[in-house]
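# Fold and geometry: a report
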Amino acid sequence: MGIEDVLARCRATADRAAAGGVGSAEVGSFVADLRSLPAHHPERSRLAVTMVIALTKGGGPAPIEVAGHLGDLLGLVERVPASLAIWPQVRASARAQELMHAAVGDVPVDLPAAERELAELAEAMWDVPVVKSMVESAKRVISSVAAGQTGDGQAMANMLGSLNPMLDMLGDDPKVRGFRSFVEVAQRAMAAQRSGDMDEITRAFREMQRAAAELPADSGMHEVLERASAEFDVLVSAYKGEVPLDRDPVAAADDIARSLATDDDPLAERVKARLLAASALMRGGEETDLTRVDAAVDQYRAALAMGEGHAQYEFALTGLAVALYRRSEVAGTTDGLDEAEGHLVRALELFGGPQHPQWTLVNGLLANIRQRLGDLAASGEFGMAAQRSYAWRALLEPDPADARIAIRDAVRDATELARTCLRANNIADALRALDTCRGLMLFAEVELRDVREKLVAAGRADLADRWVREGRDSEGLRREVVAALVDAGATRNLLDPPSLADIRRALADAEADALVYLVPGDGLTPGAAVIAPREGPPAWMALQHLVVEGDADIERYLAALAHRSREGEPNRTVPALETEPADAAREIAPDGGSFGDSVDALCDWAWRAAMGPLLERYFARTAAGRVPRVVLVPMGDLARVPWQAARRGDGTYAVELAAFSQAVSARLFCDNAARRPVKPGSTGLVVGDPDTKGAAVGLDAAREEAYAIRQAFYRSARYVGRRPDGSTSPSGRGTAAEVREWLADAAPHAGTTLHLACHGSYTTKDGKVTAALLLAPDQPGGAPGELGTDEIVRVLRAVPERRIGLVVMAACHTGRSIHGYDEAYSLGTAFLAGGVRTVLSTQWAIPDKATSALMYVFHHHLRVDRMAPWEALRAAQMWMLQEDRVPPPGMPERLWSVTADHDHAHVVAWAGFVHGGQ
């Protein structure tokens, strides 16, 4: 066949491509025909350019089945006429798709180089939306694949999600619908994999296999899924114990390895086959038959003997160490532990840092080895190193839901590590261990607040500029940025909790006596209080009664507290609202008793479980003759307990003996204490019961409270919402937009104090929990305004120069965490993470009338008596306890009159408020 025949066929194929009628086989033949032409034939390059333009329709997405040929076509392009102005954007789009297809299809790609190239293309194509979107999708895919090569399941799920924008651009073609369905199913499979539920993993993977069978034959996915399915079947068989036991385990393992890879396969695939065979013998590390464990050790050794320089080498090192450790456990000896330790140390060297998904596993195993060898000090050091990975993961995840999955084991590991440290009488490291699991998502928000300045200071202006352009949600960029900050030491102890010396300095700045971790027991191990004092040695005490599960008093309280989140109306469809029952303390709880009764019983439990021993055995000695100020960090459900209301046998409450604050973690306490104090002034923003247009009932006492506080103590402050007579303030309706604008206003006239007398909501929808302040609609007649946790952080993060000294949230549930209580991610802590110095938040649905009186007295002590916020709150709570209470000067009669009811001395009326910050 002559050149003209080849050219005629190629031109015809290009014409069909322009009309949208070619498949993978035709494009493959087209490429082969062009390659058959003389190397410098003028039509070779021109036809390749024509085909690329036709397939991408001028720079858009190519059909999925032909995207794999874009690289071959680009390789045939030598010269492009200068008059073809569209070519740069076409080439950028095609190159992005080529890299994306190669990465997803498991074709070898220099991933770091690809990320750099795509960043350059994104910058060059900033003004071509379609191409820029394509390049951004490719960047996300490449970044996720890079992370996924180290076993990061979340990264692989992110990679699948990154394909959606490209699929959206391809329209509603049947093939596209098939791919979109496959991506959705594969994402569910990845989510199941992260959950660790093997039955759910199996079900989801089978569903993914069925979805893959519906994909076009030329999609390139069938070969990938075929190999993955074979590997998965081996793992499932091992999990279910279906690997034959009645035959030689060595022969069984060899058969498995041969079924997964042949001698002609790449080295990495042959090594992986050996690793899977060994894993099948180990049954997920649960095997107790020494013969099978020995056979697994041999398989791991065989994998290591194949050499280094491939992606599976690190897993071979780790797998062999796990098998050796398991053999020593089953045999009841320490034989082989030295070798296992050597392999693990070598793996750590290759990992490069806590960004590796096996960092926690390997350091944790090293900690166990050292512990079994009797070296508790070294065990603690490895355990602390393992915890660094959780901080890293929190920093990398832009989505809180994904972050929560990534760090789900942090609390368990931190608690075990702390107990190991306490057994070695290493209290300082026990404190640091406990802090590694607390408030990690808030920690990430704080650390990423001023990244640009940190990067510039570290000499990475290039990354600083990209951070500004691309934003914090770019996963690949976040990885680069966090790695750069860690390497440069641009932020102090980014991955490590504060030392005892750091905590002491913060306590001195805050004028507090001690920071105390309260750790619940687990039924077998007693609870504990671990104490970091401002002066003197650290201490700890075992607390036998500090157990949540199985204790009737606290379980009843927690159940009643959950019920109270709907204010006695569990079937209400609006967000969690705080109407006040005729008698708030007697509101009916799920067990038929009242919420007040459950709190009352809890007061006795709280004294017996923790506050009694702390105040009588520790602070009576260290703070004799004065009232100690204690900063509590209660773990888990203990964060829901009003510790200030712990009651001694003679009726004395803990708040009468000590001043209490709560902190998310020592890390965030130190961060807050280091900020320059902001003194309260006469100006700010006061929000009084905004009209939510029927979404929530009116709070008459809240209006009285807010208006009186503004008139008495903040005469220059702006008042928004409703006035006591129900009319709307001329200064504003109390919308979410008005509060946002105030938070972002760095001008001195804006003021430094925010008082919110309004509704709070705490809702669950589709498994996602949200908390928000419920405000007036931004537009008249619109939906009620909401200001949620993430938005608070986002608004304050955008104005780091904003100085807010005090936020008081006289609204319900503002201290209730939306991501679990060890995360402590609430409305209150969101303000602290955003830079607010002091926050008062609430632990439950507070009663309207009693709250109004308490809040007025608090502001009186703050502004008139010049008390610190923590001191003013304690004084106001003690005032509520006085039977012969006297109103402070100027207190309006309508607020004072509501305190005549003795129920205002009930715990429900005053103990729901918690101080955080300075």
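What counts and how
Residues numbered from 1 in each chain as written. Predicted model: local features only at pLDDT ≥ 70, side-chain atom pairs only at ≥ 80, totals over all residues. Heavy atoms only, no water. Helix = DSSP H or I, 4+ residues; strand = E, 2+ residues; numbered from the N terminus. Buried < 20%, exposed > 50% of the residue type's maximum accessible area, 1.4 Å probe, protein only. Contact = heavy atoms within 4.5 Å. Areas by Shrake-Rupley, 256 points an atom, 1.4 Å probe, with all protein chains shown as cover. Pairing = 2+ DSSP bridges. Axes fitted to C-alpha atoms, helices over the stretch in contact; angles between N-to-C directions. Salt bridge = Lys/Arg side-chain N within 4 Å of Asp/Glu carboxyl O. Expected span 1.5 Å × (residues − 1). Polar contact = N/O pair within 3.5 Å; in protein donor to acceptor, adjacent residues only side chain to side chain. Core = buried A, V, L, I, M, F, W, Y, C linked by side-chain atoms within 4.5 Å. Parallel < 35°, antiparallel > 145°, perpendicular 65-115°, else oblique. Left-handed = near helix turned anticlockwise from the far one by under 90°. Nonpolar A, V, L, I, M, F, W, Y, C, P; charged D, E, K, R; others polar. Arc of directions from axis to C-beta. Phe/Tyr/Trp six-rings, centres within 6.5 Å; stacked < 30°, edge-to-face > 60°. Lys NZ or Arg CZ within 6 Å of the ring centre and 35° of its normal.

So, about the overall build of the protein chain. Counting its secondary structure elements, the protein chain contains 38 helices and 14 strands. Counting all 918 residues of the protein chain, 57% fall into the buried class. Taking the intrachain contacts of the protein chain between residues at least 6 apart in sequence as the baseline, contacts between residues at least 24 apart amount to 71%. Carbon together with sulfur atoms contributes 51% to the accessible area of the protein chain, which is approximately 36,500 Å² in total.

If you walk across this open sheet you meet the six strands as 7-6-8-12-13-14, and the pairing is mixed. Only two strands of the sheet have a single partner each, and these edge strands are strand 7 (718-721) and strand 14 (913-917). Geometrically, the sheet is characterised by an average inter-axis angle of 15° between neighbouring strands, direction not taken into account. Pairing between strand 8 (residues 753-757) and strand 12 (residues 806-809): four bridges, direction parallel. Of the residues in strand 12, the one forming a bridge with His 755 is Val 808. Sitting on the sheet, helix 32 (residues 736-744) touches strand 6 (684-688), strand 7 and strand 8, and the angle it makes with strand 6 is about 160°.

So, on to the pattern of salt bridges. Here the structure, examined in full by the defined rule, presents 39 salt bridges. Two residues, Asp 462 and Arg 460, come together in a salt bridge whose shortest N-O distance is 3.1 Å. With relative accessibility at 43%, the residue Asp 462 sits in the partly exposed group. One continuous salt-bridge network, built from bridges that share partners, spans Asp 689, Asp 700, Arg 703 and Arg 722.

Over its 16 residues, helix 15 (residues 290-305) extends 22 Å from the first C-alpha to the last, a length consistent with the 22 Å expected when each residue adds 1.5 Å. Capping of helix 15 at its N-terminal end is provided by Asp 289; its side-chain oxygen lies 2.8 Å from the backbone amide nitrogen of Thr 291. Trailing helix 15 by a residue or two, Gly 307 shows a phi angle of about 105°, which is positive.

With respect to the helices, strands and loops of the structure, Thr 842 is situated in strand 13 (residues 838-842). The class for Thr 842 is buried, based on a relative accessible area of 1%. A distance of 2.5 Å separates the side chain of Thr 842 from the backbone oxygen of Ala 811, its partner in a polar contact. Not counting chain neighbours up to four residues away, the residues in contact with Thr 842 comprise Met 809, Ala 811, Cys 812, His 813, Thr 814, Gly 815, Arg 816, Gly 912 and Phe 913.

Our next topic: the nonpolar core. Formed by 80 residues in total, the largest nonpolar core has its most connected members in Val 516, Leu 518, Trp 605, Met 611, Trp 643 and Phe 858. Listed in part, the 54 residues of the second largest apolar core include Leu 417, Cys 437, Val 481 and Ala 663.

In this structure, Lys 57 is a non-glycine residue whose phi angle is positive, near 55°. If you trace the backbone, Lys 57 turns up in the loop between helix 3 (42-56) and helix 4 (70-75). Non-glycine residue Glu 511 carries a positive phi angle of around 55°. On the secondary structure map, Glu 511 appears in the loop between helix 27 (500-510) and strand 1 (514-519). Judged by relative accessible area, Glu 511 falls into the exposed class, the value being 56%.

Helix 15 packs onto helix 14 (residues 267-282) with a crossing angle of 165° between their chain directions and a minimal axis gap of 8 Å. Judged on the interaxial angle alone, helix 15 and helix 14 are roughly antiparallel. Helix 14 and helix 15 meet at a crossing whose hand is left-handed. Facing Val 271, Arg 274, Leu 275, Ala 277, Ala 278, Ser 279, Ala 280, Leu 281 and Met 282 of helix 14, the residues of helix 15 in contact are Arg 292, Val 293, Ala 295, Ala 296, Gln 299, Tyr 300, Ala 302 and Ala 303. By residue class, the composition of the contact of helix 14 with helix 15 is 13 nonpolar, two polar and two charged.

Before going further, it helps to spend a moment on the sheet that holds strand 2 (residues 527-533). Strands sit in the order 3-2-1-4-5 across an open sheet of five strands; the sheet is mixed. Two strands in the sheet have a free side with no partner beyond their single neighbour: strand 3 (539-543) and strand 5 (659-662). Sheet twist, expressed as the mean angle between neighbouring strand axes with direction ignored, is 25°. Across five bridges, strand 2 lies against strand 3 in antiparallel orientation.

Here helix 1 (residues 3-18) contains 16 residues, and its C-alpha end-to-end distance of 22 Å stays within 8% of the 22 Å for a straight helix at 1.5 Å per residue. Of all the residues in helix 1, the buried ones are Val 6, Leu 7, Cys 10, Thr 13, Ala 14 and Ala 17. Looking straight down helix 1, one finds that the buried residues subtend no more than 125° of arc, so they occupy a single side. Pointing more than 90 degrees away from the buried face of helix 1 are the exposed residues Glu 4 and Asp 15. Each element contacted by the buried residues of helix 1 is listed here: helix 2 (24-36) and helix 3. Looking one or two residues beyond helix 1, the residue adopting positive phi is Gly 20, at roughly 80°.

Now for the pairing of strand 4 (residues 629-634). The buried fraction of strand 4 amounts to six of the six residues, a majority that puts the element mostly inside the structure. Alternating residues of strand 4 divide into Arg 629, Val 631 and Val 633 and Val 630, Leu 632 and Pro 634, and every residue in both groups is buried. Here five bridges tie strand 1 to strand 4, and the two strands are oriented parallel to one another. Bridge pairing in strand 4 links Val 516 to Leu 632. With four bridges connecting them, strand 4 and strand 5 associate as parallel partners.

Within the fold, Ala 702 resides in helix 31 (residues 700-713). Measuring from C-alpha to C-alpha, the distance between Ala 702 and Cys 758 comes to 7.0 Å, with 56 residues separating the pair along the chain. Leaving out residues up to four positions away in the same chain, Ala 702 has contacts with Asp 689, Ala 757, Asp 848 and Ser 852.

Now for the pairing of strand 14. Across a regular strand the side chains alternate sides, sitting on one face of the sheet and then on the other. In terms of burial, strand 14 is a largely internal element, five of the five residues being buried. With five bridges joining them, strand 13 and strand 14 adopt antiparallel strand pairing. The residue of strand 14 that forms the bridge with Thr 842 is Phe 913.

Further remarks concern the packing of aromatic side chains. Each pair of aromatic rings is reported with the distance of its centres and the angle of its planes. Under the definition given, this model contains six aromatic pairs. An angle of 85° between the planes, with centres 5.4 Å apart, marks the rings of Tyr 653 and Trp 910 as edge-to-face. Pair noted here: Tyr 653 is in the loop between strand 4 and strand 5 and Trp 910 is in helix 38 (residues 907-910), with a separation of 257 residues, a long-range link. Here Tyr 653 and Trp 910 have matching classes, each one buried. Ring centres of Tyr 707 and Tyr 719 lie 5.4 Å apart, and the angle between their planes is 85°; this geometry places the pair in the edge-to-face category. Residue Tyr 707 is located in helix 31, and its partner Tyr 719 is located in strand 7; the two are separated by twelve residues in the primary sequence. We classify Tyr 707 as partly exposed; its relative accessible area is 30%. The positively charged end of Arg 372 is found above the aromatic ring belonging to Tyr 325, 5.4 Å away from the centroid. When the ring centre of Trp 879 is taken as origin, the NZ or CZ atom of Arg 885, which lies over that ring, is 5.7 Å away.

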